[in-house]
Amino acid sequence: SLYMMVRLETEKRILAVAASGEAAPGFSGETGASGSVVFKSCPLTAGNADALRRDFPWTAPVSLANRQTTFGCGDRLGRATGGHLRALRRYRVAPVLAQQSMRELKLTNRTYSNVLDDTTFLVFQSGYTEGFGADGDHLKTIADIEGALKAGMTMITLDLSEVMRPQAAGFPDTQVDTEFAALPADVKQAVDGVYADKAFDLAGEKLVFKRAEARRCAVMYTTALDFAKQVYAFLVAQKGVGHFDLEISIDETTTPTLPSHHLFFIRELLRRQVTIVSMAPRFIGEFQKGIDYIGDIPEFRRQFTTHCRIAQAHGNYKISVHSGSDKFSIFPIVGEVTGGRFHEKTAGTSWLEAVRLAAQESPALYRRMHAVALQRLPDALKLYHITPDLAAIPDPAKMPDRDLPKLMDLNAARQVLHVAYGFILEDPALKAELFSLLYKAEEAHEAMLDKHFTRHLAGLGIPLK
């Protein structure tokens, strides 16, 4: 059979044509014949996505553990993969094309199966055969991890924010000592014997643990470390060693991860025999959604360099940069200091390019989306940390149509629209109109994504193929 993706007026289908016999065995669809030629027209269903992954294995996700540079492409609408690949396939980078958090799934009313199926169809359409990953992002429970694995996700980003104790950073030493005394004996022995008043050499840079700080780390992280061990054992039992990519996220906190704390955390993971592919510390400065880095760039370089040295000395896992969209001022540092061994994670940037498309092609639709975003901003701020200057956003009702796309180059407007996606998609009419536009203007949407992500990849210093 010859398989192809075809566009009809309002939907795509997989069309299979064969000279004889059955076209596309294992696929469901409408069959027909023209002379000796038989064909089958297959809708883009979950069952046909499974059949596609079976017959064309390159449309199924794989482990990217052995890939030097990886790039996460959050696609909240399931329509951006073609644009992502237009940019990414020109660079020496492995894409994580299917990537969603539980929060994003809830706000978009999707499942991990939906996310992976949408990606599979667009990978097939794009003819991309070089391998991609699928990330169950910021998962916090074994139940959620199990659901992601059953759907076919190959990467698990374990978010430990709910089992860490960041408040211990502010405890007085006497309280730290009291809580430390209640920890298991093996933990206390390891902390006092391995870390307390010890120096660690990292490529000529020394990190010194005072006894009080080593004990503080134990109080802050022991529960999280034990849970990470439990999750790792579950992943091994479900998938087998080497058949999943585990990323540890400790970035969802209000205070930066000190390099000494990073060192403690990875050494204790290794003591528990947990192997990771990447880790996301909470870096100094602010990584707000949809805008550039806010903070002291020289200090970021200094601390980021130490984080990279820690990773290189403990298995050479990848440093992962979360909320990595649009952080153009630090991209050269990330690319240079890591030597190109890193994972960059983006999410809402792709959604914003869909918003830009609406502003360009359907001004009335954009103005309605903008109004919902402002109206529901208080609800969105309960979920996302942003600090937009609302007074800096012009009133779209008073702007000419041709100027509306410029709002997606304005920080405050980008941030408000960035976090409002779930509330915009709650409106059935808005959602239907947006998806209809994305279908009709697919080429323009892909070109926007190509331009935007090319700027990311070039800024990170990723070489062209």
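Residues numbered from 1 in each chain as written. Predicted model: local features only at pLDDT ≥ 70, side-chain atom pairs only at ≥ 80, totals over all residues. Heavy atoms only, no water.

This part covers the packing of helix α8 (residues 211-239) against helix α9 (residues 259-271). The interhelical angle for the contact between α8 and α9, taken along N-to-C directions, is 45°, at an axis separation of 10 Å. Considering the angle they form, α8 stands oblique to α9. Every pair of crossing elements has a handedness; the one defined by α8 and α9 is right-handed. From α8, E213, A214, C217, A218, M220, Y221, A224, L225 and A228 reach across to α9, where they touch H261, F264, F265, E268 and L269. (Axes fitted to C-alpha atoms, helices over the stretch in contact; angles between N-to-C directions. Helix = DSSP H or I, 4+ residues; strand = E, 2+ residues; numbered from the N terminus. Parallel < 35°, antiparallel > 145°, perpendicular 65-115°, else oblique. Left-handed = near helix turned anticlockwise from the far one by under 90°. Contact = heavy atoms within 4.5 Å.)

Bringing helix α7 (residues 185-195) into the picture now. By the burial criterion, the buried members of α7 are V187, A190, V191 and Y195. Looking down the long axis of α7, one finds its buried residues gathered within 95° of arc, a one-sided arrangement. Across from the buried face of α7, at angles greater than 90 degrees, the exposed residues are A185 and Q189. On its buried face, α7 is in contact with α6 (173-181), β9 (198-202), β10 (205-209), α8 and α9. D197 sits one or two residues past α7 and shows a positive phi near 60°. (Buried < 20%, exposed > 50% of the residue type's maximum accessible area, 1.4 Å probe, protein only. Arc of directions from axis to C-beta.)

Moving on to the nonpolar core. Ranked by internal contacts, the top residues of the largest apolar core, which has 89 residues, are L160, L246, I248, F265, L269 and F304. Top element by residues in this core is α8. It accounts for 14 residues. Contacts of L246, omitting those with residues within four sequence positions, involve I156, L158, Y232, L235, V274, T275, I276, V277 and S278. Among the nonpolar cores identified, the runner-up in size contains 40 residues, and A354, A420, F435 and L437 belong to it. (Core = buried A, V, L, I, M, F, W, Y, C linked by side-chain atoms within 4.5 Å.)

This paragraph deals with the sheet that holds strand β7 (residues 133-139). Reading around the barrel, the eight strands line up as β5-β6-β7-β8-β11-β12-β13-β14 and close back on themselves, with parallel pairing between neighbours. For this sheet the average axis-to-axis angle between neighbouring strands, irrespective of direction, equals 25°. Relative to strand β8 (residues 155-159), β7 runs parallel, the two being bridged by three bridges. Bridge pairing in β8 links D135 to M155. Sheet strands touched by helix α2 (residues 81-88): β5 (69-73) and β6 (94-101). Its angle to β6, the strand with the most contacts, is close to 150°. (Pairing = 2+ DSSP bridges.)

What describes two packed helices is the angle between their axes and the distance between those same axes. Between α6 and α8, whose axes approach to 9 Å, the crossing angle comes to 55°. With respect to their mutual orientation, α6 and α8 come out oblique. Handedness of the crossing formed by α6 with α8: left-handed. Each of D173, V176, D177, E179 and F180 in α6 lies in contact with α8, whose residues at this interface are A212, R215, R216, A218 and V219. Residue composition of the contact of α6 with α8, by class: five nonpolar, no polar and five charged. (Nonpolar A, V, L, I, M, F, W, Y, C, P; charged D, E, K, R; others polar.)

Let us now look at helix α18 (residues 442-459). Along its 18 residues, α18 runs 26 Å from first to last C-alpha, staying within 8% of the 26 Å computed at 1.5 Å per residue. Looking at α18, one finds that the buried residues are E442, H445, E446, M448, L449, D450, H452, F453, T454, H456 and L457. Backbone geometry just downstream of α18 places G461 in the positive-phi region, at approximately 75°. (Expected span 1.5 Å × (residues − 1).)

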